[in-house]
Amino acid sequence: MRERIYVCHTYYHVYVTFLKELALPLEKRGQATLVLSRMSNDFEELGSRVESTGLFEQVMEFDEKREDFFPELVKLRNAGRGFLGHLWSRIRFTRLYAKLEEPYVPVDFRDYGDIYVYCDSDPIGYYLNQKKIPYHAVEDGLNCLKNFDAARYDNRGHFGLKAFLSRKLNLIFVQNGYGKYCIDMEVNDISAIRYPCPQYIQQPRQALVDRLTSEDKALILRAFIRDMDSLQAQIDAGNGMEDKILILTDPLCTLDVRERIFRDIIRMYEKEGTIFLKPHPRDTLDYRGIFAQYPQFDATVPMEMLNFFPGLRFKKVVGVLTEVKGIRFADEAVRLGPDFLDAYEDPLIHRQNEQI
């Protein structure tokens, strides 16, 4: 029996996995398997850099498949008449999705003592529950359940019944702590969640960061930073500038609307100081081409990494929907939020919690 395995879907997931592993005693390190699902992220050479740190026993990729990869699932997604008809189709969908996903699963999860899954709403959640394999879920992003309770939003209408069918009977699958084989779900701050699930356990991210030694931080940077010399030179050059403003992008709206959003944000804040950009890892807008006049950080560097550079300081960091509470390298952190985004798209698209 192997010790533990982590299934990660984003750079942030890998970062939190490092925090969790580095919080363990030295004798416990180097025994975990790290799985990188490329379903929603191109991890470029991250896997080989992570492997070179020696913190993990094994690093592998997962060719996880979305539901639209399987034509057999299309007819079941919204099939059936009325509530009972839709429910029966969903039961069939849940079983079939897990079966179709099975050939792409890279390991036998029964070989591991502890399984940690970020974003169990993805196919891996369906698979583990249908295979009756217990696992621990981990919050997808910092305080993401405060800003978007996906389980309740995706299951609006008769949520209590749907949660019962998932949690108790395993007939359908409801993510974020409501799966029958989800042992618990680790979140950053339970008090910030309006409707917490009984399975939630609290593990503040900052508490894990505060435990890091200088050697731990250097190890994390070695894994995540593709070109440390270039990044350090960029930071050193920026240190000579006063009143720097860092704008964090988000994969919002369509590409044309997204470009307009960040042009407007730059106009809003450029009078306050020198603009820097930090593209989101999943943001496909060509910021280096469109906004070539502004210094930019590598999109693959999680913004949390910037906390590890003691000489880096911004007057202000500005994001739209990105959670900015973990930022320690700025005098002020601003989250513009859904009120700002209302002017650019239908509010129903980003005000999901209000529709629960």
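Located above this text is the structure these notes cover.
Throughout what follows, the structure given in this document is the object of discussion. (Residues numbered from 1 in each chain as written. Predicted model: local features only at pLDDT ≥ 70, side-chain atom pairs only at ≥ 80, totals over all residues. Heavy atoms only, no water.)

### A short note on the side chain of K162
Structurally, K162 is set in helix α8 (residues 159–167). Among buried charged residues, K162 stands out as having no salt bridge; its nearest opposite-charge side chain is D154, 9.8 Å away. A distance of 3.4 Å separates a polar side-chain atom of K162 from the backbone oxygen of R156. With near-sequence residues (within four places) excluded, K162 lies in contact with F83, R90, N155, R156, G157, I172 and V174. (Helix = DSSP H or I, 4+ residues; strand = E, 2+ residues; numbered from the N terminus. Buried < 20%, exposed > 50% of the residue type's maximum accessible area, 1.4 Å probe, protein only. Lys, Arg positive; Asp, Glu negative; His and termini not counted. Salt bridge = Lys/Arg side-chain N within 4 Å of Asp/Glu carboxyl O. Polar contact = N/O pair within 3.5 Å; in protein donor to acceptor, adjacent residues only side chain to side chain. Contact = heavy atoms within 4.5 Å.)

### Some words on the packing of helix α2 (residues 46–53) against helix α10 (residues 214–224)
It is the contact of α2 with α10, at a shortest axis distance of 7 Å, that shows an interaxial angle of 150 degrees. Between α2 and α10, the angle is such that the two are roughly antiparallel. Each of L46, R49, V50 and T53 in α2 lies in contact with α10, whose residues at this interface are L219, R222, A223 and F224. For the contact of α2 with α10, a count of residues per class yields five nonpolar, one polar and two charged. (Axes fitted to C-alpha atoms, helices over the stretch in contact; angles between N-to-C directions. Parallel < 35°, antiparallel > 145°, perpendicular 65-115°, else oblique. Nonpolar A, V, L, I, M, F, W, Y, C, P; charged D, E, K, R; others polar.)

### Some details on the side chain of E64
Relative to the helices and strands, E64 resides in the loop between β3 (58–62) and α3 (71–77). At 8.7 Å, R66 is the nearest oppositely charged side chain to E64, a buried residue that forms no salt bridge. At 2.6 Å, the side chain of E64 and the side chain of S37 are in polar contact. At a separation of 2.9 Å, a polar atom in the side chain of E64 contacts the main-chain amide nitrogen of I124. Other than its neighbours up to four places away in sequence, E64 contacts H9, S37, M39, E101, D122, P123 and I124.

### Points about the pairing of strand β9 (residues 274–278)
Taken residue by residue, a regular strand's side chains alternate between the two faces of the sheet. Counting buried positions over the five residues of β9 gives four, a clear majority of the element. Looking at chain direction, strand β8 (residues 244–248) and β9 are connected through five bridges and run parallel. Opposite K244, over in β9, you have T274 as the bridge partner. In this fold, β8 hands off to helix α12 (residues 255–269), which returns the chain to β9; that crossover is right-handed. (Pairing = 2+ DSSP bridges. Right-handed = clockwise from strand over helix to strand, strands pointing away.)

### Side note on unusual backbone geometry
One non-glycine residue, K132, adopts positive backbone phi at about 60 degrees. Along the chain, K132 turns up in the loop between α5 (123–130) and β5 (135–138). K132 gets classed as exposed once you look at its relative accessible area, which sits at 56%. For N170, which is not a glycine, the phi torsion comes out positive at approximately 60 degrees. Here N170 lies in the loop between α8 and β6 (182–187). A relative accessible area of 12% places N170 in the buried class.

### Let's talk about the packing of aromatic side chains
A complete count under the given rule lists 22 aromatic pairs for this structure. Ring geometry for F148 versus Y153: centroids 5.6 Å apart, planes at 70 degrees, classification edge-to-face. A relative accessible area of 30% means that F148 is categorised as partly exposed. By relative accessible area, which is 18% here, Y153 ends up buried. Each ring, one from F159 and one from Y178, has its centre 5.2 Å from the other, and the planes form 90 degrees; the classification is edge-to-face. With F159 in helix α8 and Y178 in the loop between α8 and β6, the pair connects residues that are 19 residues apart, well separated along the chain. Take F159: its relative accessible area is 14%, and that puts it in the buried class. An aromatic cluster of three or more residues is present, and its members are F69, F70, F93, Y97, Y104, Y126 and F173. The residue whose ring lies beneath R156 is Y153, and the NZ or CZ to ring-centre distance is 4.0 Å. (Phe/Tyr/Trp six-rings, centres within 6.5 Å; stacked < 30°, edge-to-face > 60°. Lys NZ or Arg CZ within 6 Å of the ring centre and 35° of its normal.)

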